[in-house]
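Observations on the model geometry
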Amino acid sequence: ENISEWGMEGEVVEMVTDAQRDDASWALLAEVSESERQARMRETYVALASLPEAERKARMLAMARAEYALPDEQLRPFTLSLLRVWLQLPTDTAKTVAMTYDAAMEQMPGPAAMRRVALVQTLARELSREEEAKLRQLDPRVFAGLPDREALATVQAIPSPPPQPPPQRRRFWPFRRS
């Protein structure tokens, strides 16, 4: 989506779109402190939620591309910050952001989308039960088919029946031959 414009003497001058600027600044958040990253994410998401849907989706897609271009050692804390910010946002804003993020991820390549699902499901275990429950409400598709902690605790608490001894083998009694 580069926008070109003719400059003086026929050279092409590159114009930077808002989506490209968001793309670059979003990835740079991985390098700042946790508190600063969360504050900037909160500001970005609040502003994003107020945009028209088409523009919001375009910007979110650019942000998601930048995010999933990060190496794993930066992506993990970045995503954990993102999830915590979603949980702190007003519910309507958080739902709008989560739905837009989900729509953007549908346009991402399959490996990036699967990486997101695996990462979010893993990081959700680091949150409290209440936070995980709220996150499941905000982004149910990421947790589709995955039982919640309560269900897993119930399954793990059910005792297994004791092992049965192996069946007794019948003795072979040879018949007499006369």
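Each helix and strand counted, the chain has eight helices and two strands in total. Its helices and strands taken in sequence order, the chain reads β-β-α-α-α-α-α-α-α-α from the N to the C terminus. For the chain, restricting intrachain contacts to residue pairs at least 6 apart in sequence, the fraction spanning at least 24 positions comes to 59%. Surface exposure of the chain reaches about 12,200 Å², of which carbon and sulfur atoms provide 56%.

Evaluated as defined, the whole model comprises four aromatic pairs. Taken together, a centroid distance of 6.4 Å and an interplanar angle of 65° make the contact between Tyr45 and Trp86 edge-to-face. Residue Tyr45 is located in helix α2 (residues 34-49), and its partner Trp86 is located in helix α4 (residues 72-88); the two are separated by 41 residues in the primary sequence. Its relative accessible area of 0% is what places Tyr45 among the buried residues. By relative accessible area, which is 1% here, Trp86 ends up buried. Pairwise contacts between aromatic rings join Trp26, Tyr45, Phe78, Trp86 and Tyr101 into one cluster.

Now for the packing of α4 against helix α6 (residues 110-124). Running from N to C, α4 and α6 cross one another at 65°; their axes reach a closest spacing of 10 Å. Between α4 and α6 lies a crossing whose hand is right-handed. For the pair α4 and α6, contact is made by Asp72, Leu75, Arg76, Thr79, Leu80, Leu83 and Trp86 and by Arg115, Arg116, Leu119, Val120 and Leu123, respectively. Residues belonging to the contact of α4 with α6 are distributed by class as follows: seven nonpolar, one polar and four charged.

Here we come to the nonpolar core. Counting residues in each nonpolar core, the largest one holds 39 residues, and the members touching the most others are Tyr45, Leu82, Trp86 and Leu135. Looking at this core, the elements with two or more residues in it are α2, α3 (53-67), α4, α5 (91-106), α6 and α7 (129-138). Looking at which element gives the most residues to this core, the answer is α4, with eight residues.

By the burial criterion, the buried members of α7 are Glu132, Leu135, Arg136 and Leu138. End-on view of α7: buried residues confined to an arc of 160°, all on one side of the axis. Away from the buried face of α7 by more than 90 degrees, exposed residues Glu130 and Gln137 are located.

Mapped onto the elements, Glu67 comes out in helix α3. Arg116 provides the closest opposite charge to the buried, salt-bridge-free Glu67, at an N-O distance of 6.5 Å. Setting aside chain neighbours within four positions, we find Glu67 in contact with Trp26, Leu75, Phe78, Thr79, Leu82 and Tyr101.

Before going further, it helps to examine the pattern of salt bridges. Counted according to the given criterion, the structure contains nine salt bridges. The salt bridge involving Arg116 is made with Asp139; its shortest N-O contact spans 2.2 Å. You can see Arg116 sitting in helix α6 and its partner Asp139 sitting in the loop between α7 and α8 (149-157), a full 23 residues away along the chain. Overall, Arg116 belongs to the buried group, its relative accessible area being 4%. Connected through salt bridges with shared partners, the residues Asp102, Arg116 and Asp139 form a single ionic network.

A word on the environment of Arg116. Sequence separation of Arg116 and Leu75 is 41 residues, and the distance between their C-alpha atoms is 9.7 Å. Aside from chain neighbours lying at most four places away, what touches Arg116 is Tyr68, Trp86, Tyr101, Asp102, Met105, Asp139 and Val142.

Procedures and definitions
Residues numbered from 1 in each chain as written. Predicted model: local features only at pLDDT ≥ 70, side-chain atom pairs only at ≥ 80, totals over all residues. Heavy atoms only, no water. Helix = DSSP H or I, 4+ residues; strand = E, 2+ residues; numbered from the N terminus. Contact = heavy atoms within 4.5 Å. Areas by Shrake-Rupley, 256 points an atom, 1.4 Å probe, with all protein chains shown as cover. Phe/Tyr/Trp six-rings, centres within 6.5 Å; stacked < 30°, edge-to-face > 60°. Buried < 20%, exposed > 50% of the residue type's maximum accessible area, 1.4 Å probe, protein only. Axes fitted to C-alpha atoms, helices over the stretch in contact; angles between N-to-C directions. Left-handed = near helix turned anticlockwise from the far one by under 90°. Nonpolar A, V, L, I, M, F, W, Y, C, P; charged D, E, K, R; others polar. Core = buried A, V, L, I, M, F, W, Y, C linked by side-chain atoms within 4.5 Å. Arc of directions from axis to C-beta. Lys, Arg positive; Asp, Glu negative; His and termini not counted. Salt bridge = Lys/Arg side-chain N within 4 Å of Asp/Glu carboxyl O.

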